[in-house]
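The chain contents come next:
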Amino acid sequence: MFRRGNTVKIFKAPKTVWEQLQQLTWTRVTRGGRGSYAVNPGQDPGYKDPGCGSPCFQENRSPSLRTLRGRGRERSTRKRRQKKQEQREAQEKEDRRSRSREKHKKKKTEEAGAERSTRKRRQKKQEQREVGVCKMELFCWDGDSAGLPSVSRDCLLLLAYAKFAGAPLKLHKICNPWRSPSGSLPALRIDQGTVLSRPSDIIIHLRKQKYNADYDLSATEGADSLAFISLMEEKLVPALIYAFWIEPKNYVEVTRRWYAEHIPFPLNYFLPGQMQRAQLEKLRLLRGDENLEAGEELEKELYRDASECMNLLSQRLGSQKFFFGDLPSSLDAYVFAHLAPILKSKLPNAKLQQHLKLLDNLSNFCTNILLLYFPRNSRETFGEKASTQSEGGDFDHVPNKRWKQLLSGLVALGAMLSYALLTGMVSIQHVQQEAHEEPPDLETLSPHDHEDGGEG
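Each chain carries its own residue numbering, running from 1 in the written order of its sequence. pLDDT decides what is reported in this predicted model: residues at 70 or higher carry local features, side-chain atom pairs at 80 or more are listed and counted, and totals for whole chains, interfaces and linings draw on all residues regardless. Each side-chain value is worked out from all heavy atoms of the structure, with water and hydrogens disregarded.

**What to know about the packing of aromatic side chains**
We call Phe, Tyr and Trp rings a pair once their centres come within 6.5 Å, taking the six-membered ring for Trp, and we label the pair stacked below 30 degrees between planes, edge-to-face above 60, and tilted otherwise. In total, this model carries 11 aromatic pairs according to the counting rule given. Centroid distance tryptophan 141 to tyrosine 259: 5.1 Å. Interplanar angle 85 degrees. Geometry classified as edge-to-face. One end of the pair, tryptophan 141, is in strand β5 (residues 137-141); the other, tyrosine 259, is in helix α6 (residues 248-262), with 118 residues separating them in the sequence. The same class applies to tryptophan 141 and to tyrosine 259, which are both buried. On the basis of an interplanar angle of 85 degrees and a centroid distance of 5.5 Å, the ring pair of phenylalanine 265 and tyrosine 269 is categorised as edge-to-face. Only protein chains enter the accessibility calculation, which uses a 1.4 Å probe. A residue is then buried if its area is under 20% of the maximum for its type, exposed if over 50%, and partly exposed in between. On the basis of relative accessibility, which here comes to 54%, the residue tyrosine 269 falls in the exposed class. An aromatic cluster is defined as three or more aromatic residues linked by ring pairs; in this entry it consists of Trp141, Trp245, Tyr251, Trp258 and Tyr259. Helix and strand definitions here come from DSSP, where helices need a minimum of 4 consecutive H or I residues and strands a minimum of 2 consecutive E residues; each element is numbered from the N-terminal end.

Okay, here's the thing in structure tokens:
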């Protein structure tokens, strides 16, 4: 045992240990702030522990005050760093949570705003649609005593299409085209500045307003519908124009008579002839002949094409209720508008009517549509009630009403004076002049008469 400082080293060693100690080198080793001396075995690769089982000659010292202060500073520094790291992590975690909450809140706000805007758009669209429905007014020709809702083929088409599509129109059935916003019939008034006159434009507008009778049709059925409509325009329409407007007996006894009785005076004297000339020009355009005139050959050819067209329509309809199932479409409206006048009108020359009555399914088709969609007792809700309103209340708000009434009166007065001049009523003036000139003649002739009498 030997003493060094305050540390006593006790070790076991053989007798020759001092000789070995002289050959070794001491190395200062610091571990965990504690200093010790150990034998450096690197100088002697063959050195082995002399039997103590651990590095020999270790020196244990108590930590100094400086060491303790350094350790405290290290611990406090470590704690501060750890605390700052925890604070930083907590702050980052709180920031992530706040960002997530803000993002979620922003997302919910955006969704709520989008929902509100969608609701407002739908409400506005519904309001606009309701306003548009209220503003959509259809002006068409009135019906006849045979049960047809209108005597015009185009008006029948629009009425049937509106019924099939469920379009609630404000209907005005009138017999004076001049009371229409466009001056012709049919006419659809959308607002104060927009008026549609062509049936195709009116149907397109109804489809844009989500009133589409062909909504449930497939692509094939839509193509078939267009094909049959084109077939009717080419084959059936010319025969109808000829039967109602060109054929002499039918025109004089049925068509002109109806329009002359229903159109107000003095328009009933020249509007039927003007309409006949327009229909003749249309027939010439359809046939491609500018010099087309009525005749037996033309009649046979037109009626033959119309009969073939009706046969094809009958084959396509078959035993179905409508052409494409249980729901009516635009093709049903076209067929009804073209065939119902033939079926219900009492024509002197009824060749087309006779052929149509041979096709039972087409005849029943027209009759069923009249019963389902145009019954007699429903004319007030869809027709006559609106017509009575149009005759009075709607036109009370026409701008410059007094001036237009005065102008209409002047036109009527001029027409009556023209009629008086043309019919020879001016001869009354000559009769009055002769009456004024007769007394002088009598006075001059009376002496001669007395002389003759005296001589006698």
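**Here we look at unusual backbone geometry**
With omega at 0 degrees, the peptide bond leading from leucine 185 into proline 186 counts as cis. Residue proline 266 follows phenylalanine 265 across a cis peptide bond; omega there is 5 degrees. Considering the arrangement of structural elements, one finds proline 266 in the loop between α6 and α7 (271-287).

**Quick look at a positive patch on the surface**
Together, Arg80, Arg81, Lys84 and Arg88 line one region of the surface with positive charge. Locating lysine 84 in the fold gives a position in helix α2 (residues 65-135). With relative accessibility at 51%, the residue lysine 84 sits in the exposed group. Two distance rules govern patches: like charges are joined within 9 Å, and nonpolar side chains (Val, Leu, Ile, Met, Phe, Trp, Tyr) within 5 Å, applied only to residues with over 30% relative accessible area and no salt bridge. The protein chains shown are the only cover counted for residues, whose accessible areas, like all others here, come from Shrake-Rupley with a 1.4 Å probe. Salt bridges are defined by distance alone: a side-chain nitrogen of Lys or Arg within 4 Å of a carboxyl oxygen of Asp or Glu. Charge convention: Lys and Arg are scored as positive, Asp and Glu as negative, and His as well as the terminal groups of each chain are ignored. For charged residues, the charge sits on one atom: NZ in Lys, CZ in Arg, CG in Asp, CD in Glu.

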